[in-house]
Amino acid sequence: MTSIDSVTLGANDPAAATRFYDAAFGLGSQVRVRASETPTTGFRGFTLSLTVSQPGTVNGFIDAAVAAGASVVKPATKSFWGYGGVVRAPDGALWKIATSAKKDTGPATRQIDRFVLLLGVEDVVATKKFYVARGLTVGKSFGRKYVEFETQPNSVKLALYGRRALAKDAGVPPEGTGSHRLTIGGGDGSFTDPDGFAWEVATEVR
């Protein structure tokens with residue numbers, strides 16, 4: 001297992017969710033949707049992040065998401081690390097759109113530089129060891145706080161963050177119960193990680 005080909009989100013109305021993602025982000029087969037009515041409350045333990053080149057592009061994606069039905073969780077604003085904001089998709093998934101740049105250097109685009117899945121875990125070190133044992137290579141590691149794995153081109157990057165820290169970054173309370181409503185597509189088999197995130201072999205979209 002060396003990469004994530006896609007993420008599949010569970011939604012009560014998969015057709016509506018698919019229309020939302022096509023209109024808001026245009027990620028194609030990297031984001032898939034399937035019907036799910038499994039109980040879930042509060043923070044689902046993960047966020048999805050789009051890294052872009054400049055503030056104008058952040059604003060463009062957030063505006064498109066809101067126009068398609070998302071709600072703003074954290075308005076886009078400047079910070080010491082750059083500029084970004086968080087929205088909640090109609091299916092409940094949290095999306096952060098951000099850039100390290102603080103000023104625009106050209107017209108806004110729809111170009112996405114990185115698509116990152118951040119898992120909020122109880123023990124970053126233990127979960128890192130689990131994924132290394134399954135074949136992932138650590139790209140960046142900051143002790144017990146954050147881990148980022150190396151990624152093949154055009155695949156979804158995987159990162160680990162403490163659950164409470166990830167919820168704080170997203171602007172939501174850390175409490176949550178029930179299903180993650182997330183399935184990660186990639187690798188060579190199906191399994192569940194120590195924090196209950198399910199993986200399956202990614203299949204081609206026909």
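Everything quoted here is computed from the prediction, not taken from an experiment.

Asks: For this particular structure, what's the right way to read the packing of aromatic side chains?
Replies: What describes a pair of aromatic rings is the distance from one ring centre to the other and the angle between the planes of the rings. Throughout the structure, instances matching the rule amount to 14 aromatic pairs. For the pair Phe-20 and Phe-25, a centre-to-centre distance of 6.0 Å together with 85 degrees between the ring planes defines the contact as edge-to-face. Phe-25 matches Phe-20 in its accessibility class, with the two residues each being buried. A centroid spacing of 6.3 Å and a plane angle of 35 degrees characterise the contact between Tyr-21 and Phe-25, whose relative ring orientation is tilted. We note that Tyr-21, like Phe-25, is buried. Above the plane of the ring of Phe-191 lies Arg-134, whose end atom (NZ or CZ) is 3.7 Å from the centre.

Asks: Got a minute to help me understand the nonpolar core in this structure?
Replies: General note: in soluble globular proteins, nonpolar side chains tend to be found buried as a group. Formed by 42 residues in total, the largest nonpolar core has its most connected members in Phe-25, Trp-95, Ile-97, Leu-117 and Leu-119. Once you skip the residues sitting within four places of it in the chain, Ile-97 turns out to touch Phe-25, Leu-50, Val-52, Val-58, Phe-61, Ile-62, Tyr-83, Gly-84, Gly-85 and Val-87.

Asks: Would you explain the environment of Trp-95 in this entry?
Replies: Relative to the helices and strands, Trp-95 is located in strand β7 (residues 94–99). The buried category is assigned to Trp-95, whose relative accessible area is 0%. Along the chain, Trp-95 and Leu-117 lie 22 residues apart, while their C-alpha atoms are 9.6 Å from each other. Leaving out residues up to four positions away in the same chain, Trp-95 has contacts with Leu-9, Tyr-21, Phe-25, Leu-27, Val-31, Leu-48, Leu-50, Gly-85, Val-86, Val-87, Ala-89 and Phe-115. A polar contact of 3.2 Å, which involves the side chain of Trp-95, links it to the side chain of Tyr-21.

Asks: What is the right way to read the sheet that holds strand β10 (residues 146–149) from this model?
Replies: Two modes of strand pairing occur in sheets, parallel and antiparallel, and in both the strands are linked by backbone hydrogen bonds. The strand order across the open sheet formed by 8 strands is β5-β6-β7-β4-β8-β11-β10-β9, and the pairing between neighbours is mixed. Each edge of the sheet is formed by a strand with only one pairing partner; in this case those strands are β5 (71–79) and β9 (138–142). Taking the axes of each pair of neighbouring strands and ignoring which way they run, one obtains an average angle of 15 degrees across the sheet. When β10 meets strand β11 (residues 157–162), the two strands line up antiparallel, connected through 3 bridges. Considered in β11, the bridge of Glu-148 is made with Ala-159. Each of β8 (114–121), β9, β10 and β11 touches helix α3 (residues 124–133); the most contacted strand, β11, lies at about 155 degrees to it.

Asks: Even after reading the chapter, I still don't get the sheet that holds strand β14 (residues 191–192), so can you show me in this structure?
Replies: Spatial strand order, β2-β1-β13-β15-β14: 5 strands in an open sheet with mixed pairing. Two strands close off the open sheet at either side, each with one partner strand: β2 (31–35) and β14. Bridging between strand β1 (residues 6–11) and β2 involves 5 bridges; their strand directions are parallel. Residue pairing across strands places Leu-9 opposite Val-33, the latter belonging to β2. Packing of helix α1 (residues 14–24) onto the sheet brings it into contact with β1 and β2, and relative to β2 it is tilted by some 165 degrees.

Asks: How should I be thinking about helix α4 (residues 163–170) in this particular structure?
Replies: Along an α-helix, a turn takes 3.6 residues, which lines up residues three or four apart on a common side. All buried positions along α4 are accounted for by Arg-163, Leu-166, Ala-167 and Ala-170. The buried residues of α4 occupy an angular sector of 100 degrees when the element is viewed end-on, so they sit on one face. Exposed residues pointing more than 90 degrees away from the buried face of α4 are listed as Arg-164 and Lys-168. Just past α4, the residue Gly-171 takes up positive phi, approximately 85 degrees.

Asks: Can you help me understand the pattern of salt bridges in this one?
Replies: As a working rule, side chains carrying opposite charge can pair if their charged atoms are close by. On inspection of all chains with the given rule, the structure shows 5 salt bridges. Put simply, Glu-148 and Arg-114 hold a salt bridge, and the shortest N to O gap is 3.3 Å. Here Glu-148, found in strand β10, pairs with Arg-114, found in strand β8; they are 34 residues apart in sequence, far enough to count as distant. Residue Asp-123 is joined to Arg-144 by a salt bridge in which the shortest nitrogen-to-oxygen separation is 3.7 Å. Placement of Asp-123 in the loop between β8 and α3 and of Arg-144 in the loop between β9 and β10 is noted, with a sequence separation of 21 residues between them.

Asks: In this structure, what is going on with the layout of surface pockets? I would like to understand it.
Replies: The probe, sized like a water molecule, is rolled over the atoms to show the empty space still left. Its boundaries defined by the atoms lining it, the largest pocket holds a volume of some 700 Å³. Contributing elements (two or more residues each) for the lining of the largest pocket: β4 (46–51), β7, β8, β9, β10 and α4. Classifying every residue of the lining of the largest pocket gives 9 nonpolar, 5 polar and 6 charged. Approximately 180 Å³ is the volume attributed to the second largest pocket. Looking at the second largest pocket, the residues that line it are Leu-27, Gln-30, Ile-112, Asp-113, Arg-114, Phe-115, Thr-151, Gln-152, Asn-154, Ser-155 and Lys-157.

Cut-offs applied
Residues numbered from 1 in each chain as written. Predicted model: local features only at pLDDT ≥ 70, side-chain atom pairs only at ≥ 80, totals over all residues. Heavy atoms only, no water. Phe/Tyr/Trp six-rings, centres within 6.5 Å; stacked < 30°, edge-to-face > 60°. Buried < 20%, exposed > 50% of the residue type's maximum accessible area, 1.4 Å probe, protein only. Lys NZ or Arg CZ within 6 Å of the ring centre and 35° of its normal. Core = buried A, V, L, I, M, F, W, Y, C linked by side-chain atoms within 4.5 Å. Contact = heavy atoms within 4.5 Å. Helix = DSSP H or I, 4+ residues; strand = E, 2+ residues; numbered from the N terminus. Polar contact = N/O pair within 3.5 Å; in protein donor to acceptor, adjacent residues only side chain to side chain. Pairing = 2+ DSSP bridges. Axes fitted to C-alpha atoms, helices over the stretch in contact; angles between N-to-C directions. Arc of directions from axis to C-beta. Salt bridge = Lys/Arg side-chain N within 4 Å of Asp/Glu carboxyl O. 1 Å grid on protein atoms, 1.4 Å probe; cavity = no way out; pocket = protein on both sides within 12 Å on 5 of 7 lines; lining within 4 Å. Points joined across faces, edges and corners; volume = space filled by probe spheres on them. Nonpolar A, V, L, I, M, F, W, Y, C, P; charged D, E, K, R; others polar.

Honestly, that's just the spatial picture; any functional story needs more than this.
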